[in-house]
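# Notes for the structure review
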Amino acid sequence: MQTRVTQMLGIKYPIVQGGMQWVGLAEMAAAVSNAGGLGILTALTQPTPEALAKEIVRCREMTDKPFAVNLTILPTIKPVPYEDYARVIVGSGIRIVETAGRNPEPYLPIFKSADIKVIHKCTSLRHALKAERIGCDMVSVDGFECAGHPGEDDVTNQILLPLAARRLQIPFLASGGFGDGRGLAAALAMGADGINMGTRFMVTREAPVHERVKQAMVDASELDTALIYRTLRNTARVFKNSVAEQVLAIEGQSGQTNFDDIRPLVQGTRGKQLLAEGELDSGIWSAGMVVGLIDDIPSCAELIDRIVVEAQQIINERLVTIVSQ
Ligand SMILES: Cc1cc2nc3c(=O)[nH]c(=O)nc-3n(C[C@H](O)[C@H](O)[C@H](O)COP(=O)(O)O)c2cc1C
């Protein structure tokens, strides 16, 4: 399977593991890269730029294949030294960066001076076109189905991907709602050059996440995610547990939502602890609608091989038969 994505990134299969706060550690990224995809470390999971430098070294000890670093640029209560993280990425010899959140333009000169390939993840066609215009090498188009921040437009991939295919010149990844070979075949058919997955990679043997969290996602249906922070226009798709429901109840009260009422429920430290200790109602965690398609906990290699074989079968057998009748 050769696409513009495999060629540009130097990987075997057009399958990327998107940045995941608290999950994108060396174990995760190396497992995906060793299996022929592109694994991504999440910069802000590391408390300091120095810690990120060490995590990059650790990942390199686990794989000799390409891997990337995600830099998520979002408004935070505590200022984040983004530029220092960017300099560590460059200084560590990383060749591929995934940016997400705000416009990555301020950091592009740093990355471009080192000839790093930049994949910008965005949730609308207008942001994808902007990313292309400012010099990003690739975009990841994140549909409404996705885990984390789907934006406020609520456009699903069924529309976003063909639009991206019509309008973009640079290669793009289909992101949000992908987890099997049907999804990969469909993404390629809609014009994408590969897929980006978060939730599905979280439910693999190597993901550094407590077994109870993985099992909860296996047991979940496509109805088990919730959209929180809608009233704050900073929507996030998370697993629908009792804490997410409490947040929704607060947001459902009349009048403007006060983030201070929600903050204690959604603190990042609580989410981090939940993923490590498996107390399922102790915080929130990002999860996409694709949980409805997840019913096992394979290794990353088993997962990637299965997706590729299934997609090839669909294309070579089902689709070829249909069009050759
Ligand atoms: C637990 C979790 C944490 C995530 N954290 C981040 C993050 O810090 N930065 C980011 O750009 N995307 C983050 N994402 C989004 C993924 O990179 C990816 O875009 C998304 O999961 C794709 O949708 P899917 O889950 O349906 O595959 C996260 C996703 C999950 C499941």
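This text follows the structure it describes.
What you see is a predicted model; the values in this text were computed from it and never measured. Numbers given to residues run from 1 along each chain, matching the order in which its sequence is written. Thresholds applied to this predicted model are a pLDDT of at least 70 for local features of residues and 80 or more for the giving and counting of side-chain atom pairs; totals over whole chains, interfaces and linings are not thresholded and use all residues.

### Quick look at the overall build of the protein chain
Along the protein chain, the regular secondary structure elements total 14 helices and 10 strands. Its C-alpha atoms give the protein chain principal-axis dimensions of roughly 60 × 45 × 35 Å. Neighbour density around each residue's C-beta defines its exposure: 20 or more other C-beta atoms within 10 Å make it buried, 12 or fewer make it exposed, and counts between make it partly exposed, where C-beta atoms are placed from the backbone. For the protein chain, buried positions account for 45% of its 325 residues. What counts as a contact is two residues whose backbone-derived C-beta atoms lie within 7 Å of each other. Considering only contacts within the protein chain whose residues lie at least 6 apart along the sequence, 63% involve residues at least 24 apart. Think of it this way: any DSSP run of H or I at least four residues long counts as a helix, any run of E at least two long counts as a strand, and we number them from the N terminus.

### Quick look at unusual backbone geometry
One can expect most non-glycine residues to show negative phi and most peptide bonds to be in trans. One non-glycine residue with positive phi stands out, namely Asp-154, at about 60°. Residue position: Asp-154 is located in the loop between β6 (138-142) and α7 (157-167). Despite not being glycine, Tyr-229 shows a phi value in the positive range, around 65°. The residue Tyr-229 is located in the loop between β9 (225-228) and β10 (236-239) in this model. Judged by local crowding, Tyr-229 falls into the partly exposed class, with 19 C-beta atoms found within 10 Å.

### A look at the site of the ligand
With respect to spatial proximity, 30 residues lie near the ligand, and among them Gly-18, Ala-100, Gly-198, Thr-199 and Gly-288 are the closest. Of all elements in the fold, only β3 (67-73), β8 (195-197) and α9 (199-202) reach the threshold of two or more residues within the shell around the ligand. The element that contributes the greatest number of residues to the shell around the ligand is α9, accounting for three residues. Three residue categories are used. Nonpolar comprises Ala, Val, Leu, Ile, Met, Phe, Trp, Tyr, Cys and Pro, charged comprises Asp, Glu, Lys and Arg, and polar comprises the others, including Gly. Per-class residue counts for the shell around the ligand are 11 nonpolar, 15 polar and four charged. Only the C-beta atom, placed from the backbone, is used; a residue is near a molecule or strand if that atom lies within 6 Å of it.

### Overview of the nonpolar core
The tendency in soluble globular proteins is for nonpolar side chains to be buried as a group. Residues of type Ala, Val, Leu, Ile, Met, Phe, Trp, Tyr and Cys that are buried and joined through C-beta atoms within 7 Å form what is called a nonpolar core. Grouped together as the largest cluster of nonpolar side chains are 95 residues, with contacts concentrated most on Val-97 and Val-141. For this core, the element with the most residues is helix α2 (residues 26-34), which contributes six residues. With near-sequence residues (within four places) excluded, Val-97 lies in contact with Ala-68, Val-69, Leu-71, Ile-89, Phe-111, Ile-116 and Val-118.

### Thoughts on the sheet that holds strand β2 (residues 39-42)
A pair of strands counts as paired when DSSP detects no fewer than two bridges linking them. The eight strands are arranged β1-β8-β7-β6-β5-β4-β3-β2 in an open sheet whose pairing can be described as parallel. Each having just a single partner strand, β1 (15-17) and β2 make up the two edges of the open sheet. Averaged over all neighbouring strand pairs, the angle between strand axes comes to 30°, with direction disregarded. Strand direction decides the pairing type here: β3 and strand β4 (residues 96-101), joined by five bridges, are parallel. Its bridge partner being in β4, Thr-72 is matched across the sheet by Ala-100. Fitting a line to C-alpha atoms yields each axis, with helices limited to the stretch in contact; the angle taken between N-to-C directions then spans 0 to 180 degrees.

So far we have only geometry, and geometry alone does not tell us how the molecule works.
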